[in-house]
Amino acid sequence: MEIEVLTPGEFAAPVAVITGGWSRERDRALLSGSTAAGALRDLGIETRVLDLEKDKKSLVTTLQGTELALLAIAGRGAEDGRLQGLLESIGVAYTGSGVFASAVGMHKVIAKDLVAACGVRVPAGTVVVPGASPEIEARRIEGVCGLPVIVKPVSEGGSIGLALARSREELATVVREGAGAPMMAEEYVDGRPVSVGILQGPDGGLEILPPLETDTAGGVYSYSAKRQPGLTTYHCPARFSDEVLSDLEIAARRAHLALHCHGYSRHDFVVSPERGAVWLEVNTLPGLSREGNLARMAHAAGLSYEQLLAHIVRTARTDRSVQP
């Protein structure tokens, strides 16, 4: 994919970088925002940085007179369609996926159903029934998913709140401790975690970036594994056969289109020796740090951070209604 780096002449007004927010991924969002804003300024592009939490009351006013909004933000209230809906209602162009893809992609249960309907393998799973007896619910979940089992929030990113239960007793404890928030359970698929990034051109064509394999202590790509140095080793391109790489590419394409993602997306899989690529979830606003997974994959494809950023910024100018 040929991508020209951004130039100041492309913009008649400042670019608004929306970051921060109030979700549990606030720290990741702030890193993405500061990195992206710094890169834009280094290119000579006037930039306004807005923290969705701190600048919430003045957000609409501050966005007036800006060229577009670069969404360097993650989690609830930002990646779930609410921010996208606000921006559309006030006529501000923004980067990434629209309201539908953002809302559906953030709800892991619905996203899995849509992706599975397009022939992509997904883990067996079930929602955790709120208010049910933890012991009875653990028995029911074991019957659906077996053991061990993964339990995680329905609408959180970054592997926040993810737990692995290896026995019915552990599962009951996880269910009890997670009471009060919508949770889901999935069968544990024993395999190698891998992410696949997609860049979508103005004509709707999809460019699949070299997959990123994660080799994680304990075998689970958890929140701590993502954040603590030394717990995860990355391999990009991933160390798979051509057959598996083709399987990943086809599944990622189908998932991106099934969810109506726009411009770019990142899809998380587990590659099982018995089942091949098993889709776990989508990230419609991947982190934008220079060391983030999306940037690693772009680098392996021969793209600089500035080229990746240019592609993302220009997604705000592509009509979502004409995308496949």
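Presented here is an overview of the structure given in this document. (Residues numbered from 1 in each chain as written. Predicted model: local features only at pLDDT ≥ 70, side-chain atom pairs only at ≥ 80, totals over all residues. Heavy atoms only, no water.)

**Looking at the sheet that holds strand E5 (residues 149–153)**
Strands sit in the order E4-E7-E5-E6 across an open sheet of four strands; the sheet is antiparallel. The outermost strands of the open sheet, each flanked by one partner alone, are strand E4 (125–127) and strand E6 (163–165). Taking each pair of neighbouring strands and ignoring which way they run, the sheet shows an average axis angle of 25°. Relative to the sheet, helix H6 (residues 134–145) contacts E4, E5 and strand E7 (183–187), its axis offset from that of E4 by approximately 150°. (Pairing = 2+ DSSP bridges. Helix = DSSP H or I, 4+ residues; strand = E, 2+ residues; numbered from the N terminus. Axes fitted to C-alpha atoms, helices over the stretch in contact; angles between N-to-C directions. Contact = heavy atoms within 4.5 Å.)

**What to know about helix H10 (residues 293–300)**
Those residues of H10 not exposed but buried are Asn-293, Leu-294, Ala-295, Met-297 and Ala-298. Tucked inside the fold, the buried residues of H10 contact strand E8 (192–200), strand E10 (212–216), strand E11 (232–235), strand E12 (264–272) and helix H11 (305–314). Phi turns positive, to about 85°, at Gly-302, one or two residues after H10. (Buried < 20%, exposed > 50% of the residue type's maximum accessible area, 1.4 Å probe, protein only.)

**With respect to the sheet that holds strand E2 (residues 47–51)**
Spatially, E2-E1-E3 is the arrangement adopted by the three strands of the open sheet, whose pairing is parallel. With one partner strand each, in any of the chains shown, E2 and strand E3 (68–71) form the two edges of the open sheet. Within the sheet, the average angular offset between the axes of one strand and its neighbour, ignoring direction, is 30°.

**A closer look at the nonpolar core**
Ranked by size, the top nonpolar core spans 46 residues in total, and within it Ile-18, Leu-70, Leu-71, Ile-73, Leu-83 and Leu-87 carry the most contacts. When residues in this core are grouped by element, the largest group, six residues, is from H11. Discounting residues that sit within four places of it in the chain, Leu-70 has contacts with Val-15, Ala-16, Val-17, Ile-18, Ala-36, Leu-40, Thr-95, Leu-288, Leu-309, Ile-312 and Val-313. Listed in part, the 24 residues of the second largest apolar core include Ala-111, Leu-259, Val-271 and Trp-279. (Core = buried A, V, L, I, M, F, W, Y, C linked by side-chain atoms within 4.5 Å.)

**A word on unusual backbone geometry**
Across the junction of Leu-147 and Pro-148, the peptide omega takes the value -5°, indicating a cis bond. Considering the arrangement of structural elements, one finds Pro-148 in the loop between H6 and E5. That bond from Cys-236 to Pro-237 is cis: its omega, 5°, falls within 30 degrees of zero. For Pro-237, the position within the fold is in the loop between E11 and helix H9 (242–258).

**Re the pattern of salt bridges**
Tallied over the entire structure, the rule returns 20 salt bridges. Between Arg-26 and Glu-53 there is a salt bridge, with its nearest N and O atoms 3.3 Å apart. Here Arg-26 is found in helix H1 (residues 26–42), whereas its partner Glu-53 is found in the loop between E2 and helix H2 (59–63), with 27 residues between them in sequence. A relative accessible area of 38% places Glu-53 in the partly exposed class. A salt bridge links Arg-168 to Glu-142; its shortest N-O distance comes to 2.8 Å. Placement of the pair is Arg-168 in helix H7 (residues 168–177) and Glu-142 in helix H6, with a sequence separation of 26 residues. Using a relative accessible area of 34% as the deciding quantity, one classes Arg-168 as partly exposed. Several salt bridges converge on common partners, so that one network encompasses Glu-10, Glu-67, Arg-314 and Arg-317. (Salt bridge = Lys/Arg side-chain N within 4 Å of Asp/Glu carboxyl O.)

**Considerations on the environment of Leu-294**
Relative to the helices and strands, Leu-294 resides in helix H10. Accessibility expressed as a relative area gives 1% for Leu-294, which makes it buried. Distance from Leu-294 to Tyr-305, taken between C-alpha atoms, is 9.5 Å for residues 11 residues apart in sequence. Not counting the four nearest positions on each side in its chain, Leu-294 is found in contact with Gly-197, Leu-209, Tyr-264, Pro-286, Gly-287, Leu-308 and Ile-312.

**Structural notes on the side chain of Glu-137**
Tracing the backbone shows Glu-137 in helix H6. For Glu-137, a relative accessible area of 3% translates into the label buried. Within the local environment of Glu-137, its side chain forms a polar contact with the backbone nitrogen of Val-129, the two atoms lying 2.7 Å apart. (Polar contact = N/O pair within 3.5 Å; in protein donor to acceptor, adjacent residues only side chain to side chain.)

**Observations regarding a nonpolar patch on the surface**
On the surface, a cluster of nonpolar side chains totalling about 250 Å² of accessible area is made up of Phe-100, Ile-110 and Leu-114. Secondary-structure assignment places Ile-110 in helix H5 (residues 108–116). On the accessibility criterion, Ile-110 (40% relative accessible area) is partly exposed. (Patch = residues over 30% accessible without salt bridge, like charges linked within 9 Å, V, L, I, M, F, W, Y side chains within 5 Å. Areas by Shrake-Rupley, 256 points an atom, 1.4 Å probe, with all protein chains shown as cover.)

**Quick word on the packing of H6 against H7**
Their axes nearest at 8 Å, the elements H6 and H7 cross at an angle of 120°. With respect to H7, the axis of H6 lies oblique. Along this stretch, H6 crosses H7, giving a crossing that reads as right-handed. Together, Pro-134, Glu-135, Glu-137, Ala-138, Arg-139, Ile-141 and Glu-142 of H6 and Arg-168, Leu-171, Ala-172, Val-175 and Arg-176 of H7 make up the contact between the two elements. Residues belonging to the contact of H6 with H7 are distributed by class as follows: six nonpolar, no polar and six charged. (Parallel < 35°, antiparallel > 145°, perpendicular 65-115°, else oblique. Left-handed = near helix turned anticlockwise from the far one by under 90°. Nonpolar A, V, L, I, M, F, W, Y, C, P; charged D, E, K, R; others polar.)

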